[in-house]
Amino acid sequence: AITGPIKPTGPGDTPSRRQVLICHPQTNSDALPCARKILNTLARKAYRRPVTDSETERLLTYYQRGRNNNGSFDSGIETALAFMLVNPQFLFRSETDPAGIVPGKPYRISDNELASRLSFFLWSSIPDEQLLTLAGQNKLHDPAVLEQQVRRMLTDKRADALTSNFLGQWLYLRNLKGTSPDQQIFPDFDDNLRQAFQKETELFVGSIMHEDHSVVDVINADYTFVNERLARHYGIPNVYGDYFRKVTIPNPARRGLLGQGSVLTVSSYTNRTSPVLRGKWVLTNIMGTPPPPPPPNVPPLKEISSGTMRQRMEEHRANAACAACHKVMDPIGFSLENFDAIGEWRTADQGAPIDASGVLADGSTINGPSALLNFLSARPEQFVRTMTRMLMTYALGRGTDYYDMPVIRGIERDAAKQNYRFSALVLGIVNSPPFQMKMTRQLESENRTQAVPVSR
């Protein structure tokens, strides 16, 4: 239960209130100029661009209406602010085609629109004062200024939103919250472990992003971040307490992203592992070669009580309609079979030794997680190209298509010259035509505007 305030003496003085009320009228004659200053400042932030005179006058109309109803200056500002927060200019990022542009013709977006694209990409939030000022001065399209802003924003605490939101979309970490492994089979799994899984991956990939390491470390780094609960799950000794700390991984099979409980759990069923789901996950999110959808009327895997997963899958692949896709997915999934459905290391399944061997689509033989990691690490360009495509999808708010692939390949090639640093990928995307340009659309309406929600 929450009670209070017990003895209110007024609206109080809080950081949020000071952000809104940047001036205080001393007399009635000061009220309107002060309200104009407050609403202009707020609307510039809310609409992410300079405010027109007509927009200011409309806000002042709501201010006057609120003040007339209640008699106080604060009530007037509150009424105008309420209108501002339901205005489509606040709720959506509108990008209006300039007048006279031929339909179907690409053009460079304005600096204010670029500032919004940049801030929602890196911060999942509105541009700050510095970004808005540079956009208002039409300096943001200057390559040197733009690079300086990107690097500044990546080192800002607000860039943590890029880590959590991008990983949730790319690695399916959003699914972790709704995953409930069978408690009879996995009695040690609880919400503390679930949260530790997510925190580990966010800290691990976040360290690569914020410290500007090579993104190839995502698949082969020999360190991770654990607390006592997670370290016990992984069999890492001498880690105590709830605090997450960076540790070296003693088991080489657990290096990189593919050895982390978050990925291994979201790519499993609640009661068992799935070589199919894990193989598909790696093909889609690491290698960038997703398998085709299954043909119609495919019989399900028989959930029998005896037999290893490999034995059940061999029976399933006996169906010719299933064999072609499973030949590509299953060897990858079986290489991770030493990890159970919640990522704990094991050496046997149903009493039989784990067989983690397989032959990949190109004829390469692998046996276990370490062999899979070596295979992926030997082809860094494939992973970097995949990550670039996923990052561009996140940045643009749309799926990539065939016409985006030359740009993506170019970003990957340029990043190779900088050892695939994370900043090289981000700068490549920010400087790319898909990010800085837009194509007009032929619509029936004279006002050709595209809008997307401001929240992800």
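That block above? That's the structure.
S.K.: Kindly report on the pattern of salt bridges, identifying the contributing residues and their values.
M.R.: Evaluation of the coordinates by the stated rule reveals 20 salt bridges. R36 is the salt-bridge partner of E57, the closest N and O atoms lying 3.0 Å from each other. Taken together, the positions of E57 in helix 3 (residues 53-70) and R36 in helix 2 (residues 28-47) put the pair 21 residues apart, joining distant regions of the chain. Take E57: its relative accessible area is 40%, and that puts it in the partly exposed class. The salt bridge partner of K157 is D160, with a shortest N-O separation of 2.9 Å. A relative accessible area of 66% means that K157 is categorised as exposed.

S.K.: Quick one: what's the story with helix 4 (residues 73-86), residue by residue and with numbers?
M.R.: Helix length check: helix 4 (14 residues) gives 21 Å between terminal C-alpha atoms against 20 Å at 1.5 Å per residue, within 8%. Three or more residues of helix 4 are buried, namely F73, S75, G76, I77, A80, F83 and M84. For helix 4, the secondary structure elements touched by its buried residues are helix 1 (15-20), helix 2, helix 3 and helix 5 (88-91).

S.K.: Lay out the side chain of E95 in plain terms, naming residues and giving numbers.
M.R.: Considering the arrangement of structural elements, one finds E95 in strand 1 (residues 92-96). Separated by 2.8 Å, the side chains of E95 and R117 make a polar contact.

S.K.: Got a sec to walk through the packing of aromatic side chains? Specific residues and values, please.
M.R.: Taken as a whole, this structure holds twelve aromatic pairs when the rule is applied. Note on F121 and Y394: the rings are 6.3 Å apart at their centroids and 55 degrees apart in plane angle, and the pair reads as tilted. Of this pair, F121 sits in helix 6 (residues 111-122) while Y394 sits in helix 18 (residues 380-396), and the two are 273 residues apart along the sequence. The same class applies to F121 and to Y394, which are both buried. Each residue in the set F121, F166, W170, F383, Y394 and F435 is aromatic and connected to the rest through ring pairs, giving one cluster. Stacked on the ring of W123, the Lys or Arg R158 has its end atom at 3.8 Å from the ring centre. Directly above the ring of Y223 sits K246, whose terminal nitrogen or CZ lies 4.2 Å from the centroid.

S.K.: So what about the pairing of strand 3 (residues 223-226)? Which residues, and what values?
M.R.: Neither face of strand 3 is open: one carries Y223 and F225, the other T224 and V226, and all of them are buried. The pairing of strand 3 with strand 4 (residues 245-248) spans four bridges and is antiparallel. Across the sheet, residue T224 finds its bridge partner in strand 4, namely V247.

S.K.: Please give an account of the packing of helix 7 (residues 129-136) against helix 8 (residues 143-155) that cites residues and values.
M.R.: The geometry of helix 7 relative to helix 8 is characterised by a closest axis approach of 11 Å and an angle of 170 degrees between their N-to-C directions. Relative to helix 8, the element helix 7 lies roughly antiparallel. Residues Q130, L131 and L134 of helix 7 touch helix 8, and the partners they reach there are V145, Q148, Q149, R152 and M153. Residue composition of the contact of helix 7 with helix 8, grouped by class: four nonpolar, three polar and one charged.

Definitions and cut-offs
Residues numbered from 1 in each chain as written. Predicted model: local features only at pLDDT ≥ 70, side-chain atom pairs only at ≥ 80, totals over all residues. Heavy atoms only, no water. Salt bridge = Lys/Arg side-chain N within 4 Å of Asp/Glu carboxyl O. Helix = DSSP H or I, 4+ residues; strand = E, 2+ residues; numbered from the N terminus. Buried < 20%, exposed > 50% of the residue type's maximum accessible area, 1.4 Å probe, protein only. Expected span 1.5 Å × (residues − 1). Contact = heavy atoms within 4.5 Å. Polar contact = N/O pair within 3.5 Å; in protein donor to acceptor, adjacent residues only side chain to side chain. Phe/Tyr/Trp six-rings, centres within 6.5 Å; stacked < 30°, edge-to-face > 60°. Lys NZ or Arg CZ within 6 Å of the ring centre and 35° of its normal. Pairing = 2+ DSSP bridges. Axes fitted to C-alpha atoms, helices over the stretch in contact; angles between N-to-C directions. Parallel < 35°, antiparallel > 145°, perpendicular 65-115°, else oblique. Nonpolar A, V, L, I, M, F, W, Y, C, P; charged D, E, K, R; others polar.

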